[in-house]
Structure formats: C-alpha cells, structure tokens
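# An overview of the molecular structure
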Amino acid sequence: LEKVLMRSNSLLCKLYFRIVKLMLMLAILNHFIACFWYLVGTSDPSGWVYTHSYNWSDVSPSWKYAWLYFTSLHWSLSQFSSTMEVFPQNVRERLFSVTVLFTALVAFSALLSNMTEAMIQLQTEQKRRKQQITALCEYLHERAISGELSATLKHAIDARQPVRARLEQEQTLLALLPRNLLMDLHLETH
C-alpha cells in the first residue's frame, strides 16, 4: 500500500488513501480479535459459543460457522464503541475481554486521531486550492483579461495541477501555467 501511495502525485489522493488504509487496519485488527474471541469461546464448555444455545438442526455447518464468525466480529467491533448480547461466560473470556477493551481504547484513540488529522489536511488542501482559484479569478477580472484567455488559463491549470502536485505548497496557480500562456497573460495585462 505504501508503494502505491508513493507513486501518487495528488495530495488529495494520498489523504483519501490514508483514510482507507486506516479503515483497513481497523478491519484487520477486528478480524483477528474476532478469531481469538471465537477461540477463547470454544476452549471451555462454559464458553459463550456453548452457552448461547441456538437451534442448529436446520442450518448447514458452513452457515453455523459463518454465523459464529459474524457474532465474534460483532462482539469485536462492539468493544470499540458499544455493547451486545454476547458476554464473557468464564474467567478466560473475561480476561480476554478486558485485554481487548484496553487495546480497543488505545487503538480507537490512535485511529480517531489519525483520521481527524487526515480529514483536517484534506479540508485545508481543498480550502487552499479554492482560495488560489478565487485569487486567480480576481486577478484576471482586475486586469480585464478576455474571457477566452481566462478560460484557457483555467483549463491549463486544471490539466497541469496533478502533474505538478509535488511542487512547493505555497506555489501559486500561475506558476503551473506553461510558458506560452504566461507570456499571453503578460502581454494582455500590460
């Protein structure tokens, strides 16, 4: 995932990718917690798997295991935010549950912090881009640049923005223009 991210030129793409990566990490963490919760639940006849008696006579074994997996996954996800009807039934399950709760507290806090930071960066970048476009429009209007050249300039900036995304953050939109368009703008301005 990091190699794919390194090839991207767009800051917005990188931020979206970072958010998706965080969500995938959370999903993988919950998968492993769910698997261990099922393992702990089956390790003792008094475990949650056996105490929640369901009528499995009408259900195929694959559906039974799928239902148990999704119950485990639901339990794992609920440790990050809420509760559910499956509770620890013995000391081993209680110990595992407390360990997961502490882990979930730390992991969820870190995830929330990273997601918030990524969202703020995304909003900041979008705001900066909008401010630059507004400043360009004001510049073109103040200098009475023709509509045709204005449209050409805006189109050229939109076309080159992804190519030049690695440039300095403070770089203006005009610096993204090809030399010939900059000369046209300079001629029409003066």
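Rules used throughout
Residues numbered from 1 in each chain as written. Predicted model: local features only at pLDDT ≥ 70, side-chain atom pairs only at ≥ 80, totals over all residues. Heavy atoms only, no water. Core = buried A, V, L, I, M, F, W, Y, C linked by side-chain atoms within 4.5 Å. Buried < 20%, exposed > 50% of the residue type's maximum accessible area, 1.4 Å probe, protein only. Helix = DSSP H or I, 4+ residues; strand = E, 2+ residues; numbered from the N terminus. Contact = heavy atoms within 4.5 Å. Patch = residues over 30% accessible without salt bridge, like charges linked within 9 Å, V, L, I, M, F, W, Y side chains within 5 Å. Areas by Shrake-Rupley, 256 points an atom, 1.4 Å probe, with all protein chains shown as cover. Salt bridge = Lys/Arg side-chain N within 4 Å of Asp/Glu carboxyl O. Polar contact = N/O pair within 3.5 Å; in protein donor to acceptor, adjacent residues only side chain to side chain. Phe/Tyr/Trp six-rings, centres within 6.5 Å; stacked < 30°, edge-to-face > 60°. Lys NZ or Arg CZ within 6 Å of the ring centre and 35° of its normal. pLDDT = per-residue confidence, 0-100.

### What to know about the nonpolar core
Formed by 19 residues in total, the largest nonpolar core has its most connected members in Ile-33, Trp-37, Trp-48, Trp-75, Val-86 and Phe-96. Of all the secondary structure elements, the ones that give two or more residues to this core are helix H2 (11–42), helix H3 (48–51), helix H4 (61–81) and helix H5 (91–142). In this structure Trp-37 touches Trp-48, Ser-72, Trp-75, Val-86, Phe-87, Pro-88, Glu-93 and Phe-96, once residues within four positions along its chain are discounted. In this structure, Leu-136, Leu-140, Leu-153 and Leu-185 belong to the second largest nonpolar core, which totals 10 residues.

### What about a nonpolar patch on the surface?
The grouping of Ile-28, Phe-32, Phe-36 and Leu-39 at the surface amounts to a nonpolar patch, some 420 Å² of accessible area in total. Along the chain, the position of Phe-32 falls in helix H2.

### Let's talk about the pattern of salt bridges
Applying the stated rule across the entire model yields 1 salt bridge. Between Arg-143 and Glu-142 there is a salt bridge, with its nearest N and O atoms 3.5 Å apart. Its relative accessible area of 34% is what places Arg-143 among the partly exposed residues. Classification of Glu-142 as exposed rests on a relative accessible area of 58%.

### Points about the side chain of Asn-90
Note on placement: Asn-90 falls in the loop between H4 and H5. For Asn-90, a relative accessible area of 13% corresponds to the buried category. Of the polar contacts made by the side chain of Asn-90, one reaches the backbone nitrogen of Arg-92; its length is 3.2 Å. Asn-90 has contacts with Asp-44, Ser-46 and Gly-47, leaving out every residue within four places of it along the chain.

### Focus: the packing of aromatic side chains
Within this structure, the stated rule accounts for 5 aromatic pairs. Each ring, one from Trp-75 and one from Phe-96, has its centre 6.1 Å from the other, and the planes form 20°; the classification is stacked. With Trp-75 in helix H4 and Phe-96 in helix H5, the pair connects residues that are 21 residues apart, well separated along the chain. The exposure classification of Trp-75 matches that of Phe-96, with both residues buried. Clustering of aromatic rings is evident, with ring pairs tying together Trp-37, Trp-48, Trp-75 and Phe-96. Positioned over the ring face of Tyr-65 is Lys-64, at 5.9 Å from the centre of the ring.

### Focus: the confidence of the model for the protein chain
When pLDDT is averaged along the protein chain, the result is 78; 83% of the residues meet or exceed 70. In the model of the protein chain, helix H1 (residues 2–7) stands out as the element of lowest mean pLDDT, 65, in contrast to H2, which has the highest, 85. Low pLDDT (under 50) marks residues 162–171, which in the prediction has 15 contacts with non-local residues, meaning those over four places away or in another chain.

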